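Spelled out, the chains give:
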Amino acid sequence: MQPLQKITYSLALACLFICLMIFGKALLVPVVLAFVLWYLINAVDQLLRKVPGIGATPHGLSLAIAAVLVLGIIVLAGNLVGQQINDMITTAPEYWINLERQFARVLVRFGYDEDLTLKTISEEVDVNSYLLGLLTYFTSATRQFLLVLLYTLFLLVEQHTFPRKLAALDLSRQRRTQLLEMLDKLNHAIRTYVGVKFAASFATGLLSYFVIEYAGIDFAVFWAFSIFSLNFIPTIGSIVATILPSTMALVQFDYLTPFFIVVIGVGLIQLCIGGLLEPKLYGDALNISPFVIIFSLILWGLLWGVVGMLLCVPITFTLITFLAQFRSTRPIAVLLSRRGKV
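Residues numbered from 1 in each chain as written. Predicted model: local features only at pLDDT ≥ 70, side-chain atom pairs only at ≥ 80, totals over all residues. Heavy atoms only, no water.

### Some words on the packing of helix α2 (residues 25-48) against helix α7 (residues 173-215)
Part 1: Running from N to C, α2 and α7 cross one another at 85°; their axes reach a closest spacing of 12 Å. When the axis of α2 is compared with that of α7, the two are roughly perpendicular. Along its contact with α2, which presents Tyr39, Leu40, Ala43 and Gln46, the element α7 presents Asn187, Ile190, Arg191 and Val194.
Part 2: Its residues assigned to classes, the contact of α2 with α7 comprises five nonpolar, two polar and one charged. (Axes fitted to C-alpha atoms, helices over the stretch in contact; angles between N-to-C directions. Helix = DSSP H or I, 4+ residues; strand = E, 2+ residues; numbered from the N terminus. Parallel < 35°, antiparallel > 145°, perpendicular 65-115°, else oblique. Contact = heavy atoms within 4.5 Å. Nonpolar A, V, L, I, M, F, W, Y, C, P; charged D, E, K, R; others polar.)

As structure tokens, then:
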């Protein structure tokens, strides 16, 4: 095949892949989330089987315990966040009045004597409508979660057939060894990433909760959960996670002390855990160029929204590992890697 033909076919496949990601979003996103949930349940199951007393139980029982544990945590977190959003809707008018009062003080300091209000400048912005929109999105995500649960259930039921299906492919010994090595590498790297990211995000959210609670900010549980979730988004997630509770401090109080407590406290936590500790814990598990991470964050964010941002690193690493298995696409994997070795 001529080089020009190869380039043409590659571009056509890339366009087809992007079109599939865009137009198949409604179908693919629940499936991908189901695989993520299935993977988490199996990871927790492997951890539980290392606990004395549980390791000797049948695999199906330990898997059921892991599923109940993971789903229980998700449901509990969802209930807490939903309750916090409802409380925010109730108290939103009070925050709006306080924000207007602070805006009037700023206008006076800059010498404005005109009868300006925050509402006239913001063109009658209704804070409640945004909060209700957030609650609606949360409710819609809950409905979609039921579909994800259905997919996950079938994956858990059928996972014992995966080895038989792999054997039925009738691959050569070399290809089968290569496939198993690739799957093992993917499993090790993604498990390392998920484990480190979860532990780091949980520690960041927990420590930030104490800082936010100390500053007296309302809905500390909601902000801590937001920080925990946003830290799974590379780079910009930690920035947004610091801005949100800081903005709440400005809205809630008439003075700046809580604002500086949150900015400095949460910022230092993000710097120490996300900037210093996480890279050391990752080690060589992930071999992705920082530029590629940012690019994939923007690309998957445009394709799949928040879900794409959360999953951009595992998806990108899987694509790099897959491209490295074939001679024709290996140069692309080398270019996308961090150290030039795949």
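### Section: the environment of leucine 256
Part 1: Mapped onto the secondary structure, leucine 256 falls in the loop between α9 (236-252) and α10 (257-282).
Part 2: Its relative accessible area of 46% is what places leucine 256 among the partly exposed residues. (Buried < 20%, exposed > 50% of the residue type's maximum accessible area, 1.4 Å probe, protein only.)

### A few points about the nonpolar core
Part 1: Of all hydrophobic cores here, the largest spans 62 residues; its most connected members are Ile41, Ile217, Phe219, Phe222, Trp223, Trp300 and Trp304.
Part 2: Elements represented by at least two residues in this core include exactly α2, α3 (59-109), α5 (127-158), α7, α8 (220-230), α9, α10 and α11 (290-323).
Part 3: Here the element with the most residues in this core is α11; it accounts for 13 residues.
Part 4: Residues in contact with tryptophan 304, not counting those within four places in the same chain, are Met21, Lys25, Leu28, Val29, Val32 and Ile315. (Core = buried A, V, L, I, M, F, W, Y, C linked by side-chain atoms within 4.5 Å.)

### Overview of unusual backbone geometry
Part 1: A positive phi is found at phenylalanine 219, a non-glycine position, where the angle reads about 60°.
Part 2: By the secondary structure assignment, phenylalanine 219 is in the loop between α7 and α8.

### Thoughts on the side chain of threonine 321
Part 1: Tracing the sequence through the fold places threonine 321 in helix α11.
Part 2: Leaving out residues up to four positions away in the same chain, threonine 321 has contacts with Met182 and Leu186.

### Some words on a nonpolar patch on the surface
Part 1: A cluster of nonpolar side chains, contributed by Leu250, Leu256, Phe260, Ile264, Leu268 and Leu271, occupies part of the molecular surface with about 550 Å² of accessible area.
Part 2: In terms of residue count, the dominant contributor to the nonpolar patch is α10 (four residues).
Part 3: Its location among the elements puts leucine 268 in helix α10.
Part 4: Note on leucine 268: relative accessible area 47%, which makes it partly exposed. (Patch = residues over 30% accessible without salt bridge, like charges linked within 9 Å, V, L, I, M, F, W, Y side chains within 5 Å. Areas by Shrake-Rupley, 256 points an atom, 1.4 Å probe, with all protein chains shown as cover. Salt bridge = Lys/Arg side-chain N within 4 Å of Asp/Glu carboxyl O.)

### Comments concerning the packing of α8 against α9
Each packed pair of helices is defined by two parameters, the angle between the axes and the distance between the axes.
Part 1: Where α8 contacts α9, the axes come no closer than 8 Å and their chain directions differ by 165°. Here α9 runs roughly antiparallel to α8, going by the angle between their axes. As α8 runs across α9, the sense of the crossing is right-handed. On α9, the residues touching Trp223, Ile227 and Leu230 of α8 are Gly237, Ser238, Val240, Ala241, Leu244, Pro245 and Met248. (Left-handed = near helix turned anticlockwise from the far one by under 90°.)

### Notes on α9
Part 1: Along its 17 residues, α9 runs 25 Å from first to last C-alpha, staying within 8% of the 24 Å computed at 1.5 Å per residue.
Part 2: Of the residues making up α9, those classed as buried are Gly237, Ala241, Thr242, Pro245, Ser246, Met248, Ala249, Val251 and Gln252. (Expected span 1.5 Å × (residues − 1).)

### Re the confidence of the model for the chain
Part 1: On average, the chain scores 80 in pLDDT, and the residues at 70 or more come to 85%.
Part 2: Taking the mean pLDDT of every element in the chain, the minimum, 50, falls on helix α4 (residues 118-121) and the maximum, 89, on α8.
Part 3: A low-confidence stretch, residues 121-125 (pLDDT under 50), is modelled with five contacts involving residues beyond four sequence positions or located in other chains. (pLDDT = per-residue confidence, 0-100.)

### Here we look at the side chain of aspartate 45
Part 1: If you trace the backbone, aspartate 45 turns up in helix α2.
Part 2: It turns out aspartate 45 is buried and unbridged, and the closest side chain with the opposite charge, arginine 49, is 4.8 Å from it.
Part 3: Side-chain polar atoms of aspartate 45 contact the backbone nitrogen of leucine 63, separated by 3.2 Å. (Lys, Arg positive; Asp, Glu negative; His and termini not counted. Polar contact = N/O pair within 3.5 Å; in protein donor to acceptor, adjacent residues only side chain to side chain.)

### What to know about the packing of aromatic side chains
The geometry of an aromatic ring pair is captured by the separation of the ring centres together with the interplanar angle, meaning the angle of the planes.
Part 1: Taken as a whole and judged by the stated rule, the model has 10 aromatic pairs.
Part 2: Aromatic pair phenylalanine 198 and phenylalanine 228: ring centres 5.6 Å apart, planes at 90°, arrangement edge-to-face. Note that phenylalanine 198 is positioned in helix α7 and phenylalanine 228 in helix α8, a separation of 30 residues in sequence.
Part 3: Among the residues examined, phenylalanine 198 registers a relative accessible area of 46% and is labelled partly exposed.
Part 4: Look at phenylalanine 259 and phenylalanine 260: their rings are 5.4 Å apart centre to centre, the planes differ by 65°, and that puts the pair in the edge-to-face class.
Part 5: Note on phenylalanine 260: relative accessible area 42%, which makes it partly exposed.
Part 6: An aromatic cluster is defined as three or more aromatic residues linked by ring pairs; in this entry it consists of Phe198, Phe202, Phe225, Phe228 and Phe232. (Phe/Tyr/Trp six-rings, centres within 6.5 Å; stacked < 30°, edge-to-face > 60°.)

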